[in-house]
Amino acid sequence: MIKIAQISCGTEWSGVQGELEKAADMIGAKLVFPEVDLESIKKSVEEFGLDVESPNLKLMIARAKSIIDDPSEADAIFMVTCFRCGEGALTKHALRKYLQKKTELPLVMYSFTEKPKLGELLTRMEALATIVERKSLLARERQEGLTLGIDSGSSMTKAVVMENNEVIGASWAPTTDIFKSAEKVKKEALKNAGLPADWNHRMGVTGYGRHLIGSKLNADLIQEELTVASKGAAFMSNKQKGEATVIDVGGLDNKVMTLLNGIPDNFTMGGLCAGASGRFLEIAASRLGIDVAKLGELALKGNHKKVRMDSFCSIFGIQDLVSALARGSLAEDVAAAACNSVAQQVFETQLQEIDLRQPIIEVGGTALVPGLVKAMESILGIKILVPKMPQYGGAVGAALLVSGIV
Amino acid sequence: MKVFVFPPNSLILADLVERFGHEPIVIMEEIRKKVTTPEIDSPPLNVSEEELIRGLRYVAVETPSGIRGRMGILGPLIDQAEAAVIIENADFAFGCSGCARTNILVKYLLGQKEIPILKVEYPSTVENAEVMVRKIVDFLKNLSKP
């Protein structure tokens, strides 16, 4: 059983400890609390150098030090504090850098409210477990035989058929009914590959709807999207050796993963608001009366500085958009501002939580919006690599990984 | 040497550092630049969105905005520091950043830099004040000259 070290403050007093344990239990992992004795707490805090007042945060620091002293206590680290606690946020982020410098353990952070979303917890813990348990599978670099990958995203469902390291059929469609959407793209991808709809294939599934689709279609691999999309991105951009960072701005949330030899070793997952997602771009395109596919091209002609837009809240972001149009702003400037706003929020909420490693690869449907990629490049000051058919990152990762399952 | 002083707006510390041939790193200089820049308009300090975004290099986005704004200015100053003098538990009148959370982070980041740091308790008597000044003077004298 995988041991996940919980380094946290406030979970019991917020009534969320049960949810954390439930999520760990669902993925077959166990939450463990690194051993500390009372005498060591003061010393650990002094050595760490962050003079926090909250005793629980002092304990958190001591637990982190304990893990560094004896990494065999756990296989991975889950670090959580209360949302809106300034002292907690400072401690958590200082500890994150410290732990990543001193240990090799995969680590993920989370800020909880009194009602944490089980799905969010589950995906994070599942990814931690996958990195620990399936390292040899994640190391697979070539796709072999005939396999199918399905990525059931919040906005779009994607499917690819791969044969001997090549994509031979692909299809994507909006996610409506989760299962029917998956059936539809699967059928079309098989047709595009010249295979019959009832062809008996090895199948990997990922994305929000992975559990439902996986059980109904009897998939050989059901795996969360963080590790699968990372794998797909590294494969598609031919960057399976060395370091890389993968950005996936999804329909409802965003993922940023750092990779070493194609295997993720750290990740962050956003989702505070749809304002930082592809959904915001869809709404913006709809308000401009154009298809989202055209929004990116239009944005390349505009200047985001001419329109003030803050999509930290999608509703307020659209209000800014409507106001700008009413003031006579040009559609291209508004489109550029929408792209910049999403890129800025991804940067502010996620990219600074991770030590970016080059090359930076962007996948997901939003990578097809050139205005967004340009905005991200301009904020980071780094050229971003977008592979061909970036929307299929998750599906390709699933098809590639399932080929390693006998 | 560039000596960061804490509290970061302490005139007394800045004066001491300068007297002993070093360059004090203090927040007043940065604030002066901002107050005298004509196009910025967010009085009285003119901390703008730019500082809040810059602050993200030092703290996470979930950190309260007041800390991020302070770190947008203090962070780059810490980056420059080659030595630091920290007065612990100083009286408000001696100088302060106005935020206890920022204070602990500033001291933590200075500690991470592996530079010479002098920590002295704020004095409660005249005798202690003399001891404090003597310690600071000794520290500054022992730092290599720029």
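For the structure, see preceding data.
Residues numbered from 1 in each chain as written. Chains lettered and ligands numbered in written order. Predicted model: local features only at pLDDT ≥ 70, side-chain atom pairs only at ≥ 80, totals over all residues. Heavy atoms only, no water.

## With respect to the overall build of chain A
Formally: Strands are runs of DSSP state E lasting at least two residues, helices are runs of H or I lasting at least four, and both sets are numbered from the N terminus onward. Both definitions apply: the radius of gyration is a C-alpha atom measure, and the globule rule equals 2.2 Å times residues to the power 0.38. In this scheme, a residue with accessible area under 20% of its type's maximum is buried, one over 50% is exposed, and one in between is partly exposed, where area comes from a 1.4 Å probe on protein chains only. Only heavy atoms enter the contact rule, under which two residues are in contact if any of them lie within 4.5 Å. Here the accessible surface of atoms and residues is derived via Shrake-Rupley with a 1.4 Å probe, and residues count as covered only by protein chains that are part of the display.
Along chain A, the regular secondary structure elements total 15 helices and 14 strands. At 22 Å, chain A has a C-alpha radius of gyration in line with the 22 Å of a compact globule built from 406 residues. For chain A, the C-alpha atoms occupy an extent of roughly 65 × 60 × 35 Å along the three principal directions. By the burial criterion, 59% of the 406 residues in chain A qualify as buried. Across chain A, the fraction of contacts at a sequence separation of at least 24, relative to all contacts at a separation of at least 6, is 70%. Accessible surface, chain A as shown: approximately 16800 Å² in total, 51% of it carbon and sulfur.

## What about helix α4 (residues 65-80) of chain B?
Filter applied, for reference: What a helix should span is 1.5 Å times the count of its residues minus one. Across the chain, bend at a residue is computed as the angle between axes fitted to the seven residues ending at that point and the seven starting from it.
Helix length check: α4 of chain B, at 16 residues, gives a terminal C-alpha distance of 23 Å against a target of 22 Å (1.5 Å per residue), a fit within 8%. The largest bend in α4 of chain B is about 40°, located at Gly-72 of chain B, with the proline Pro-76 of chain B one to four residues further on. Among all positions in α4 of chain B, only Ile-67, Arg-68, Gly-69, Met-71, Gly-72, Ile-73, Leu-74, Gly-75, Leu-77 and Ile-78 of chain B are buried. Among the structural elements, α4 (86-102) of chain A together with β1 (2-6), β2 (23-25), α2 (27-36), α3 (49-55) and α5 (100-112) of chain B are those in contact with the buried residues of α4 of chain B.

## Description of the packing of aromatic side chains
Residues and elements named next belong to chain A. Operational definition: Pairing of aromatic rings covers Phe, Tyr and Trp, the last counted by its six-membered ring, and requires centre-to-centre distances within 6.5 Å; plane angles under 30 degrees mean stacked, over 60 mean edge-to-face, and any other angle means tilted.
Taken as a whole, this structure holds 4 aromatic pairs over all chains when the rule is applied. Here the aromatic rings of Phe-48 and Tyr-98 are separated by 5.0 Å at their centres, their planes lie at 70°, and the arrangement is edge-to-face. With Phe-48 in helix α2 (residues 38-48) and Tyr-98 in helix α4, the pair connects residues that are 50 residues apart, well separated along the chain. Judged by relative accessible area, Phe-48 falls into the buried class, the value being 2%.

## With respect to the pattern of salt bridges
All names here are of chain A. Worth spelling out the cut-off: We count a salt bridge whenever a side-chain nitrogen from Lys or Arg sits within 4 Å of a carboxyl oxygen from Asp or Glu.
Under the counting rule described, the total for this entry stands at 22 salt bridges over all chains. Here Arg-140 ties to Glu-144 by a salt bridge, and the two come within 3.7 Å at their closest N and O atoms. Its relative accessible area of 22% is what places Arg-140 among the partly exposed residues. Linking Glu-141 and Lys-241 is a salt bridge whose minimum nitrogen-to-oxygen distance equals 2.8 Å.

## Looking at the sheet that holds strand β9 (residues 221-222) of chain A
Residue and element names in this part refer to chain A. Rules: Strands pair, by our definition, only if DSSP identifies at least two bridges between them. As a rule, the C-alpha atoms of each element are fitted with a line to give its axis, helices using only the stretch in contact, and angles between N-to-C directions run from 0 to 180 degrees.
Strand order in this open sheet of 5 strands is β7-β6-β5-β8-β9, and the pairing throughout is mixed. At either end of the open sheet lies a strand with only one pairing partner, and these are β7 (166-174) and β9. Looking at chain direction, strand β6 (residues 156-163) and β7 are connected through 8 bridges and run antiparallel. Bridge pairing in β7 places Met-156 opposite Pro-174. The strands that helix α7 (residues 178-192) touches are β5 (146-152), β6, β7 and β8 (202-207); relative to β7, the one it contacts most, it runs at about 145°.

## Brief notes about the nonpolar core
Inclusion rule: Buried Ala, Val, Leu, Ile, Met, Phe, Trp, Tyr and Cys residues form a nonpolar core when they are joined through side-chain atoms within 4.5 Å.
Ranked by size, the top nonpolar core spans 52 residues in total, and within it Ile-7, Leu-95 and Leu-99 of chain A together with Phe-4, Met-71 and Leu-110 of chain B carry the most contacts. Setting aside residues up to four positions removed in sequence, Leu-99 of chain A forms contacts with Ile-7, Ala-64, Ile-67, Ile-68, Ile-77, Met-79 and Leu-107 of chain A. Within the second largest apolar cluster, 38 residues are counted, among which are Val-256, Phe-280, Leu-281 and Ile-360 of chain A.

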